[in-house]
Amino acid sequence: MTPSQQETDLIIGAGPIGLACAISARRRGLDPLVIDAGAIGQSIVRYPVGMTFFTTPERLEIGGHPLVCSGAKPTREEALMYYRGVARAEQLRIRPYTTLVGLVRDGRGLSAQVATRIGEERIQYSRLVLATGYFDHPNLLGIPGEDLAHVSHYAVEAHLLTGLQVVIIGGKNSAIELALQAYRVGARVTLVHRRATLKPSVKYWLRPDFENRVAAGEITAHFESTVETITPTTVIVRTPNGKQEIPADRVFALTGYRPDFDLFRRIGLALDEEGRPHHDPATLETNLPGVYVAGSVTAGRLISEIFIENGRYDGEKIYGDSASRTKAESDYGASPRPIGE
Ligand SMILES: Cc1cc2nc3c(=O)[nH]c(=O)nc-3n(C[C@H](O)[C@H](O)[C@H](O)COP(=O)(O)OP(=O)(O)OC[C@H]3O[C@@H](n4cnc5c(N)ncnc54)[C@H](O)[C@@H]3O)c2cc1C
């Protein structure tokens with residue numbers, strides 16, 4: 001493990017908010033280093049292929065760069081192209097596939113311990129911004145069979161599901177989107193949802209499509225139902241009409257995500273009962289001096305409270321003066337919430 005010598009502002013996460021923070025820093029004459037455990041926009045990479053955002057393009061923009069899209073709202077692919085382009089235009093220093101694993105105290109203070117494909121190293125920082133989102137950590141069901149190879153907590157390209165029996169657990173956008181896509185490529189789809197109805201936040205263009213497919217018997221839906229066990233070939237579901245064993249070649253448990261609370265605790269962040277890191281709302285500095293939070297992580301497990309629309313001003317709070325903080329606060333207020341996922 002080799003400590004890197006130069007001190008730098010270090011931003012953890014090259015999602016929309018980490019990139020926005022880096023732009024805020026650049027505009028104050030700093031040259032922050034952004035690291036990401038995956039690629040730029042890794043969370044968006046994991047969205048369903050072809051997904052259309054709920055948000056209109058101008059509310060996803062960062063650094064004042066226009067997000068141009070072919071429809072009324074951008075797709076996953078257009079958003080990836082956009083954030084990649086912004087990073088290039090702003091000449092951001094980004095190290096992909098580099099994961100923060102902890103903070104280390106040595107003679108010169110705290111440094112970040114990061115892991116890459118070839119080993120570990122330390123990076124000295126003057127300020128560290130945690131913009132790590134939540135999409136790496138699915139909420140587990142904690143049921144037998146959840147760790148089987150044909151079970152996933154992320155959507156896949158629907159084409160891979162053609163001709164298969166697919167069970168989808170969940171009732172939010174990702175579950176409904178995958179159910180429709182899988183049905184359209186010729187999968188036999190069963191959706192299992194623990195509530196009596198879909199979430200109100202399901203996109204208005206998906207809901208009638210899904211409901212019509214269910215009414216026509218093209219997709220099977222079990223509401224007020226819970227999956228008890230996943231076997232290599234079936235899913236055992238408790239429904240209001242008793243237990244059912246449903247054939248399943250692939251199972252998608254799309255039951256939400258949460259921030260990396262283990263990392264937060266390991267580095268010494270104080271959390272409230274909702275898992276929100278304690279922070280000064282004006283500057284986003286946490287209980288650890290020099291360590292800041294930005295974007296989704298500020299909301300703890302209430303992940304639908306802070307999203308791209310209203311998290312994109314966080315860099316102004318961290319790097320700005322009181323005037324830019326006040327502006328960021330009023331821009332927050334202008335963004336509707338929540339969009340839900
Ligand atoms: C399917 C779906 C649709 C959505 N639609 C919308 C929408 O229409 N509008 C909207 O505003 N929001 C939407 N959201 C929410 C939006 O994606 C998040 O709010 C947003 O990505 C949060 O940005 P972020 O930069 O805080 O976190 P992320 O985008 O999650 O970025 C965090 C980054 O940190 C990296 N990372 C994590 N841990 C580490 C580590 N230890 N070391 C290094 N890097 C790490 C990750 O790889 C990731 O790239 C949607 C979410 C989903 C799942």
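About the thresholds
Residues numbered from 1 in each chain as written. Predicted model: local features only at pLDDT ≥ 70, side-chain atom pairs only at ≥ 80, totals over all residues. Pairing = 2+ DSSP bridges. Helix = DSSP H or I, 4+ residues; strand = E, 2+ residues; numbered from the N terminus. Axes fitted to C-alpha atoms, helices over the stretch in contact; angles between N-to-C directions. Near = placed C-beta within 6 Å. Domains from an automatic or database assignment. Contact = placed C-beta atoms within 7 Å. Nonpolar A, V, L, I, M, F, W, Y, C, P; charged D, E, K, R; others polar. Buried ≥ 20, exposed ≤ 12 C-beta atoms within 10 Å, placed from the backbone. Core = buried A, V, L, I, M, F, W, Y, C linked by C-beta atoms within 7 Å.

The strand order across the open sheet formed by 3 strands is 11-12-13, and the pairing between neighbours is antiparallel. A single partner strand is all that each edge strand has here, and the edge strands are strand 11 (226-230) and strand 13 (242-247). Strand after strand, the sheet turns through a mean of 25 degrees between neighbouring axes, direction not considered. Pairing between strand 12 (residues 234-239) and strand 13: 6 bridges, direction antiparallel. Opposite Ile 236, over in strand 13, you have Glu 245 as the bridge partner.

Okay, the site of the ligand next. Close to the ligand lie 35 residues; Gly 13, Gly 15, Ile 17, Gly 133 and Gly 295 are nearest. Elements that contribute at least two residues to the shell around the ligand include exactly helix 1 (16-26), helix 2 (42-45), strand 4 (99-106) and helix 7 (308-311).

Once that is clear, we can look at the domain arrangement of the protein. Looking at the assigned domains, one finds that the protein contains domain 1 (2-137 + 257-334) and domain 2 (151-253). Using C-alpha coordinates to define each centre, domain 1 is positioned 32 Å away from domain 2. Listed per partner, the contact involves 5 residues of domain 1 and 8 residues of domain 2. Considering only residue class, the side of domain 1 that touches domain 2 consists of 4 nonpolar, no polar and 1 charged.

Moving on, we come to the sheet that holds strand 10 (residues 220-222). Consider a sheet: its strands pair through backbone hydrogen bonds, and that pairing is either parallel or antiparallel. Taken in spatial order, the 5 strands of this open sheet run 7-14-8-9-10, and their pairing is parallel. Of all strands in the sheet, those with a lone pairing partner are strand 7 (151-152) and strand 10, marking the two edges. Across 4 bridges, strand 8 (residues 165-169) lies against strand 14 (residues 250-253) in parallel orientation. Across the sheet, Ile 169 pairs through a bridge with Ala 253, a residue of strand 14. Taken strand by strand, helix 4 (residues 173-184) contacts strand 8, strand 9 (188-192) and strand 14, and its axis lies near 165 degrees from that of strand 9.

The next point concerns the environment of Ala 196. Relative to the assigned elements, Ala 196 resides in the loop between strand 9 and helix 5 (207-215). A tally of 9 C-beta atoms within 10 Å means that Ala 196 is categorised as exposed. Residues Ala 196 and Val 104, 92 residues apart in the sequence, show an inter-C-alpha distance of 48 Å. If we ignore the near neighbours within four places in the chain, the residues touching Ala 196 are Phe 223 and Glu 224.

It is worth spelling out the environment of Glu 285 at this point. Positionally, Glu 285 belongs in the loop between helix 6 (261-267) and strand 15 (291-293). Sequence separation between Glu 285 and Ile 318 is 33 residues, and the spatial gap between their C-alpha atoms is 7.5 Å. The residues contacting Glu 285, other than those within four sequence positions of it, are His 279, Asp 280 and Tyr 292.

So, on to the nonpolar core. Core analysis: the largest hydrophobic core is formed by 59 residues, its most contacted members being Ile 12, Leu 19, Cys 21, Val 129, Leu 130, Ala 131 and Ala 294. Beyond its immediate stretch of four places on either side in the chain, Leu 19 contacts Ala 14, Ile 62, Tyr 83, Val 86, Ala 87 and Leu 92. In this structure, Leu 161, Tyr 183, Leu 198 and Ala 253 belong to the second largest nonpolar core, which totals 32 residues.

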